[in-house]
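This is what each chain is made of:
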Amino acid sequence: AQSVSQHNHHVILSEAASLELGCNYSYGGTVNLFWYVQYPGQHLQLLLKYFSGDPLVKGIKGFEAEFIKSKFSFNLRKPSVQWSDTAEYFCAVKRRGGADGLTFGKGTHLIIQP
Amino acid sequence: SQTIHQWPATLVQPVGSPLSLECTVEGTSNPNLYWYRQAAGRGLQLLFYSVGIGQISSEVPQNLSASRPQDRQFILSSKKLLLSDSGFYLCAWSATQNTEAFFGQGTRLTVV
């Protein structure tokens, strides 16, 4: 079975700082990769996804992530964060071809201080 | 466009009472449907998934069950709730096995 590890459970940054949230997965086969965001009081939303092709994917609100297959990693980045980026961020993997759902990491609670 | 509806938003139930949470999807046909439980600091745990009417797969043993009586309806049930069933339950759908999932607003269940 696949598993996902998010390295930081709580991150506090100041506005305009750069962000990188780590995500590593464990699975021997082919996977699709996702980052979701949950803003306070809102439902889970898709931030970006990787299926194949260019390992650097861009998502909404200036976020991007890079898939490094050799490291089983899919880290999320943003060059300059804003106060509105305060949220919970979840990395998820989906084994390709399986009917079961996404496997999520435990999440990273990001707080941006103005 | 597709939408997912989940209700109720909050629910307080006594121990031993039954449970029924409903989820419906609009604007798509034959979706894959999922029930997740979200616990603080533990991410989302997949409870059940369904690839079609009447087809339910369980990921973890528990006091809960799921049913899919119609193509776009997914129900989470329990005959007798336990205190440990308290949590935040999320319904989700995806168009295919490999694509992203779209989540409902969730139900906060408190068993007292």
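For the structure itself, look to the data block above.
Residues numbered from 1 in each chain as written. Chains lettered and ligands numbered in written order. Predicted model: local features only at pLDDT ≥ 70, side-chain atom pairs only at ≥ 80, totals over all residues. Heavy atoms only, no water.

### As for the overall build of chain B
When you go through chain B residue by residue, the secondary structure sums to 0 helices and 11 strands. Against the 2.2 N^0.38 benchmark of 13 Å for 112 residues, chain B shows a C-alpha radius of gyration of 13 Å, consistent with a compact globule. Dimensions along the principal axes, computed over C-alpha positions, put chain B at roughly 35 × 30 × 25 Å. The contacts of chain B with a sequence gap of at least 6 include a subset with a gap of at least 24, amounting to 54%. If you sum the accessible surface of chain B, you get close to 5300 Å²; carbon and sulfur atoms cover 52% of it. In chain B, 7 side chains carry a positive charge and 6 a negative one; their mean positions are 10 Å apart. (Helix = DSSP H or I, 4+ residues; strand = E, 2+ residues; numbered from the N terminus. Rg over C-alpha atoms; globule rule 2.2 N^0.38 Å. Contact = heavy atoms within 4.5 Å. Areas by Shrake-Rupley, 256 points an atom, 1.4 Å probe, with all protein chains shown as cover. Lys, Arg positive; Asp, Glu negative; His and termini not counted. Charge placed at Lys NZ, Arg CZ, Asp CG, Glu CD.)

### Some details on the packing of aromatic side chains
Tallied over the full model, the rule gives 15 aromatic pairs over all chains. Here B:Tyr36 and B:Phe103 contribute two aromatic rings whose centre-to-centre distance is 5.6 Å and whose plane-to-plane angle is 50°, an arrangement assigned as tilted. On the criterion of sequence distance, the pair formed by B:Tyr36 in strand β4 (residues 32-39) and B:Phe103 in strand β10 (residues 102-103) is long-range, its members being 67 residues apart. By relative accessible area, B:Phe103 is classed as buried at 4%. Ring-pair connections join several aromatic residues into one group, and the members of that group are A:Phe34, A:Tyr36, A:Phe51, A:Phe90, A:Phe104, B:Tyr34, B:Tyr36 and B:Phe103. (Phe/Tyr/Trp six-rings, centres within 6.5 Å; stacked < 30°, edge-to-face > 60°. Buried < 20%, exposed > 50% of the residue type's maximum accessible area, 1.4 Å probe, protein only.)

### Some remarks on the environment of B:Ser57
Residue and element names in this part refer to chain B. By secondary structure assignment, the location of Ser57 is in strand β6 (residues 55-58). According to the relative accessible area criterion, Ser57 is partly exposed, its value standing at 28%. Along the primary structure Ser57 and Tyr34 are separated by 23 residues, whereas in three dimensions their C-alpha atoms are 9.6 Å apart. Beyond its immediate chain neighbours, meaning those up to four positions away, Ser57 contacts Leu47, Phe48 and Tyr49.

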